[in-house]
Amino acid sequence: MRRALAITVAGLALLGAAKPPSQGSGAHTSPYSAIYCLGGPNNDFRYFAAKEQPDGRLLFGVSHWYPSGAATGTYGVADREGDHWKYASPPDEWDPKDLYPCTVRIWLRRDGVPDVVPDKVARCVGGYGQPMGRVTFPKRAYYRPVTHELDDAEAFEAADVCGDFTGR
């Protein structure tokens, strides 16, 4: 009985270390800094990193790998628009065969967990013609605050922070 209690206390300590930033009643707390990782069945994998800048804009990167092997994602700085952030890729970064930029909106749910929602016509970076879909996370997918993962686009792509964390 005593041993089971010790394991429970240790398990709670580990869970406590992975708490996402609290958003309380839904009010935005600043500065926001978080990494979320979620590994799913059949190699479905999601990774999101974001860090609020002093001017209120959000530096972020999002990547979604599908079971088919296709991947979509984007990296950039999103402007604050009321209760969310909005990112639209600069025209010089558009793929010539796309009519629209990669445009995503990032909301923080009441529990501080992000929802990344692309515009329906958004064509973010993707393989095999895969359009970017909504990228959501459960609260348990919180990994830790951002450190160097958003230094630049290459750092975001090279970061392997989620290799040992499945968020399950």
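These numbers were taken from a predicted model, which means no experiment stands behind them.

Calculation notes
- Residues numbered from 1 in each chain as written.
- Predicted model: local features only at pLDDT ≥ 70, side-chain atom pairs only at ≥ 80, totals over all residues.
- Heavy atoms only, no water.
- Helix = DSSP H or I, 4+ residues; strand = E, 2+ residues; numbered from the N terminus.
- Buried < 20%, exposed > 50% of the residue type's maximum accessible area, 1.4 Å probe, protein only.
- Contact = heavy atoms within 4.5 Å.
- Phe/Tyr/Trp six-rings, centres within 6.5 Å; stacked < 30°, edge-to-face > 60°.
- Lys NZ or Arg CZ within 6 Å of the ring centre and 35° of its normal.
- Core = buried A, V, L, I, M, F, W, Y, C linked by side-chain atoms within 4.5 Å.
- Pairing = 2+ DSSP bridges.
- pLDDT = per-residue confidence, 0-100.
- Polar contact = N/O pair within 3.5 Å; in protein donor to acceptor, adjacent residues only side chain to side chain.

## Here we look at the overall build of the chain
Along its length, the chain carries two helices and 10 strands. Listing the helices and strands of the chain from first to last along the sequence gives α-β-β-β-β-β-β-β-β-β-β-α. Counting every position in the chain, which comprises 168 residues, the buried fraction comes to 40%. Taking all contacts inside the chain whose residues are at least 6 apart in sequence as the whole, residues at least 24 apart take part in 47%.

## Quick look at the packing of aromatic side chains
According to the stated counting rule, one finds six aromatic pairs in the structure shown. Relative to phenylalanine 156, the ring of tyrosine 75 lies with its centre 6.2 Å away and its plane at 35°, an arrangement referred to as tilted. Of the two residues, tyrosine 75 sits in strand β4 (residues 71-81) while phenylalanine 156 sits in helix α2 (residues 153-158), which places them 81 residues apart along the sequence. Through a chain of ring-to-ring contacts, three or more aromatic side chains come together here, namely Tyr36, Phe48, Phe137 and Tyr142. One Lys or Arg, arginine 80, reaches over the ring of tryptophan 85 and ends 4.2 Å from the middle of that ring.

## Here we look at the nonpolar core
In this structure, Tyr36, Phe48, Leu58, Phe60, Val104, Val116 and Phe137 are the most contacted members of the largest nonpolar core, which totals 24 residues. Elements represented by at least two residues in this core include exactly β1 (33-39), β2 (45-52), β3 (58-65), β5 (84-88) and β6 (103-108). For phenylalanine 48, the residues in contact, after removing those within four places along its chain, are Ala34, Ile35, Tyr36, Phe60, Gly61, Val62, Ile106, Pro114, Val116 and Phe137.

## Let's talk about the pairing of β6
In this sheet, β6 lies alongside β5 in antiparallel orientation, the contact comprising four bridges. Residue tryptophan 85 lies in a different strand from β6, and its bridge partner there is isoleucine 106. As paired elements, β6 and strand β7 (residues 114-118) share five bridges and run antiparallel to each other. Opposite arginine 105, over in β7, you have valine 117 as the bridge partner.

## Remarks on the confidence of the model for the chain
A residue-level look at the chain finds 67% of positions with pLDDT of 70 or above and a mean pLDDT of 74. β5 holds the highest mean pLDDT among the elements of the chain, 93, whereas helix α1 (residues 2-17) holds the lowest, 31. The low-confidence segment residues 1-28, where pLDDT is below 50, has 29 contacts with residues more than four positions distant or belonging to other chains.

## Describing the environment of arginine 144
Note on placement: arginine 144 falls in strand β10 (residues 142-144). As a C-alpha pair, arginine 144 and serine 33 span 111 residues in sequence and 8.3 Å in three-dimensional space. Residues within four places of arginine 144 in sequence aside, it is in contact with Ala34, Ile35, Glu149 and Val161. Side-chain polar atoms of arginine 144 contact the side chain of glutamate 149, separated by 2.6 Å.

## Here we look at the pairing of β1
Burial analysis of β1 places seven of its seven residues in the buried class, which makes it a mostly covered element. Neither face of β1 is open: one carries Ser33, Ile35, Cys37 and Gly39, the other Ala34, Tyr36 and Leu38, and all of them are buried. Taken together, the seven bridges between β1 and β2 define a ladder with antiparallel strand orientation. Paired with alanine 34 across the two strands is alanine 50, which belongs to β2. Here β1 runs beside β10; their pairing, made up of two bridges, is antiparallel.

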